[in-house]
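The residues making up each chain are set out below.
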Amino acid sequence: MSEKTFEENLTDLEQIVARLEKGEVPLEEAIEEFEKGTKLSKELQATLQKAEQSLTKIVNEDGTVTDFKTED
């Protein structure tokens, strides 16, 4: 079984939120869903932070990598 993509995890999180917002989930199941949602949220946040760190690097002509800086 392969690891889910960012988009698949985001869809799963959206479905969990929708079920919990309806309020029709038994308490025990709601707690489990909340825990799953929290875990997914943390994983998604970590993926986004990693992507941001990758995208803020510049490869120079000589092959070295430096941080991308914007002028304020």
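Above: the structure in question.
Note that the structure is predicted; figures quoted are calculated from it, not measured.

The rules behind the values
- Residues numbered from 1 in each chain as written.
- Predicted model: local features only at pLDDT ≥ 70, side-chain atom pairs only at ≥ 80, totals over all residues.
- Heavy atoms only, no water.
- Helix = DSSP H or I, 4+ residues; strand = E, 2+ residues; numbered from the N terminus.
- Contact = heavy atoms within 4.5 Å.
- Expected span 1.5 Å × (residues − 1).
- Buried < 20%, exposed > 50% of the residue type's maximum accessible area, 1.4 Å probe, protein only.
- Arc of directions from axis to C-beta.

### Overview of the environment of Asn9
- Examined against the element boundaries, Asn9 turns out to sit in helix 1 (residues 6–22).
- Taking the C-alpha atoms as reference points, Asn9 and Ser41, separated by 32 residues in sequence, lie 8.6 Å from one another.
- Leave out the neighbours within four places in its chain, and Asn9 touches Lys4, Leu40, Glu43 and Leu44.

### With respect to helix 1
- For helix 1, with 17 residues, the first-to-last C-alpha span of 25 Å sits near the 24 Å given by 1.5 Å per residue.
- Asn9, Leu13 and Ile16 are the residues of helix 1 that are buried. Seen end-on, helix 1 carries its buried residues on one side only, within an arc spanning 60°. Turned more than 90 degrees from where helix 1 packs its buried face, Glu7, Glu21 and Lys22 sit exposed.
- For helix 1, the secondary structure elements touched by its buried residues are helix 2 (27–55).
- Just beyond helix 1, the residue with positive phi is Gly23, at close to 75°.

### A closer look at helix 2
- For helix 2, which comprises 29 residues, the first-to-last C-alpha distance of 41 Å matches the rise-based estimate of 42 Å (1.5 Å per residue) to within 8%.
- Here helix 2 has its buried residues at Ala30, Glu33, Gly37, Leu40 and Leu44.
- The secondary structure elements touched by the buried residues of helix 2 are helix 1.

### So, the environment of Ala30
- By secondary structure assignment, the location of Ala30 is in helix 2.
- The buried category is assigned to Ala30, whose relative accessible area is 18%.
- With sequence-adjacent residues up to four places away left out, Ala30 is seen in contact with Leu20 and Val25.

This is a description of form; function is not addressed.
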